[in-house]
Amino acid sequence: MPEEITTLLTFFGGTGDLAKRKLYPSTYNLFKKGFLQEHFAIIGTARQDMTTDEFRDLVRTSIADFTEDKDNAETFISHFYYIQQDITDQAGYANMLALNNKLDEQYGLKGNRIFYMSVAPRFFGTVAQYLKSEGLITENGEFNRLMIEKPFGSSYETAEKLQNELSEAFDEDQIYRIDHYLGKEMVQNIAAIRFGNPLFDATWNKDYIENIQVTLSEVLGVEERAGYYDTAGALRDMIQNHTMQVIGWLAMEKPASFNDKEIRAAKNAAFDSLKIYNSPEEVAENFVRGQYGESADGSQKKYLDEMDVPADSQNNTFVAGKLQFDMPRWEGVPFYIRSGKRLAAKSTRVDIVFKKGLNIFGGDVSLANPVLSILIDPKGGIEFKINAKDIKSAFDTRTIDLAWQVSDEDKAVTPEPYERMIHDAMNGDGSNFADWNGVGTAWRFVDAIQAAWDAKKEQFPNYVSGSMGPAASDELLAKDGNEWVFKG
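Remember, predicted model here, so these are calculated numbers, not experimental data. (Residues numbered from 1 in each chain as written. Predicted model: local features only at pLDDT ≥ 70, side-chain atom pairs only at ≥ 80, totals over all residues. Heavy atoms only, no water.)

J.: So what's going on with the domain arrangement of the chain? Residues and values would help.
T.: By a widely used convention, the size of an interface equals the accessible area lost when the partners come together. Split into domains, the chain comes out as domain 1 (7-149) and domain 2 (182-479). In this structure, domain 1 and domain 2 have C-alpha centres spaced 35 Å apart. With 19 residues of domain 1 in contact, the opposing surface of domain 2 contributes 13 residues. Interface area for domain 1 against domain 2, summed over the two sides, is near 1200 Å², with a carbon-plus-sulfur share of 70%. Counting across the interface, domain 1 meets domain 2 through one salt bridge. Taken together, the links from domain 1 to domain 2 amount to six residue pairs in polar contact (both at pLDDT 80 or more). Secondary structure elements with two or more residues in the side of domain 1 that touches domain 2: β1 (7-12), α1 (17-32), β4 (113-117) and β5 (144-148). Tallying contributions element by element places α1 first for the side of domain 1 that touches domain 2, with seven residues. Residues belonging to the side of domain 1 that touches domain 2 are distributed by class as follows: 11 nonpolar, four polar and four charged. (Domains from an automatic or database assignment. Contact = heavy atoms within 4.5 Å. Buried area = accessible area lost by both parts, 1.4 Å probe. Salt bridge = Lys/Arg side-chain N within 4 Å of Asp/Glu carboxyl O. Polar contact = N/O pair within 3.5 Å; in protein donor to acceptor, adjacent residues only side chain to side chain. Helix = DSSP H or I, 4+ residues; strand = E, 2+ residues; numbered from the N terminus. Nonpolar A, V, L, I, M, F, W, Y, C, P; charged D, E, K, R; others polar.)

J.: Requested: an account of the pairing of β1, with residues and values cited.
T.: Within a regular strand, side chains alternate between the sheet's two faces. With six of six residues buried, β1 is to be regarded as a mostly interior element. Across the two faces of β1 the burial is the same, with T7, L9 and F11 and L8, T10 and F12 all buried. Of the pairings in the sheet, the one linking β1 to strand β2 (residues 40-46) comprises six bridges and is parallel in character. Pairing of L9 across the sheet is with I42, part of β2. One crossover worth recording links β1 to the parallel β2 by way of α1, and it is right-handed. Sheet topology note: the β1/β4 ladder contains five bridges and is parallel. Looking across to β4, one finds that L8 is bridged to R113. (Buried < 20%, exposed > 50% of the residue type's maximum accessible area, 1.4 Å probe, protein only. Pairing = 2+ DSSP bridges. Right-handed = clockwise from strand over helix to strand, strands pointing away.)

J.: Tell me about the layout of surface pockets, residues and numbers included.
T.: Of the volumes computed, that of the largest pocket is approximately 1300 Å³. Every residue lining the largest pocket is counted, 42 residues in all, and those nearest its centre are K22, H180, Y181, K184 and Y418. If you list the elements that add at least two residues to the lining of the largest pocket, you get α1, α7 (185-196), α9 (226-251), β13 (371-377) and α13 (417-427). Considering every element that reaches the lining of the largest pocket, the biggest residue donor is α1, with five residues. Residues of the lining of the largest pocket, tallied by class, amount to 17 nonpolar, seven polar and 18 charged. When residues of the lining of the largest pocket are assigned to domains, at least three map to each of domain 1 (7-149) and domain 2 (182-479). Of the pockets and cavities examined, the second largest pocket occupies roughly 340 Å³. (1 Å grid on protein atoms, 1.4 Å probe; cavity = no way out; pocket = protein on both sides within 12 Å on 5 of 7 lines; lining within 4 Å. Points joined across faces, edges and corners; volume = space filled by probe spheres on them.)

Structure follows, in structure tokens:
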């Protein structure tokens, strides 16, 4: 049985879709595994008029698919409480404070509190400041922590404003900015593969690596999200957060030790060295944007014909770009990234392309670049393409695949990203959460690209639905003498 975590966990937006689909099942899994035992309580709060019994019915329904032991589930549910509240009304926090203090005494919670923001981002700062001013942040507890869903701002300016608001109530080490990609099993495997194997640890640098590629491709289009997506696009929706956080694990220096403080310091050393493209010419040289058109067979309509998309929209549904880090480890090594909708295949993956070895076999023998691929979604796995002898009579080489996939048995017991995130926050482990330095750098980087694009009208659409994006994406790598590993 693991060591029990003692805490009061409050979900703002406690009747919302995320809470029902992800947060309550994840918390229940922590209970089943013994991380939560007797000394915990959970509060849900929202504007909806609901009793605690009705709220418990909601939780019961949300965890129904994960319930093997009814009595065990009922014990878990008995720790849930509901309070109706308008989070913008300062007066309402008095009732929440009273309930917090009552539950703290009832369950012996030691003043430990976690506040989870599953609400619209415009309310993050308001709630944080009221938690501080109305006394909900305890002075006698072992910890007080704030968990925040994305997006964290919509530009560097808005993110900095939000950061300043949060900083008035919480210290940086108390703020846990969630990017669920960092909770994915194979993203967390990057560290194990890189630092756990001397073969890769010693060669993770400019001397052995030719380029690194990160792909986040989707087959779906905008669907019914145009109201949000047309103001964000792939650049803000996927590059600023998910992609950059994965890049952090790939580009970081080797941490002095594997704890959250040292890991964040190592990532920040990389983010601080990221070259920001401040001129339109630099952006044009290093980044490509796209917008999907119809599919070749006409079955998929173009982005401009999607529901609620303006007919003259310049929004990007595809981004490809080259990142450069001004640090000795990565001098001259390009990091290529791409993300888009209506592409040929759904895949989230990292491809590390190693340099070709010295060919001692003669002019008729060709060597390929060894490639280490970390497959994140939809099926986790690791592939390593290496050179080996061909079976022909004359000496020649061919590439062979050394491959491993996450088994169905492993997948069945792998914690979901939200389960990991909640557990890590309870444990005070910030390794897999974005810190302000990384978030701020990502916004400055993305803002400079968006500003250049806003100043120049593009001819859209420029790629066919079901392809891997515009031709300019391939040309971006070709001019460096490289190509995308993943072809879709």
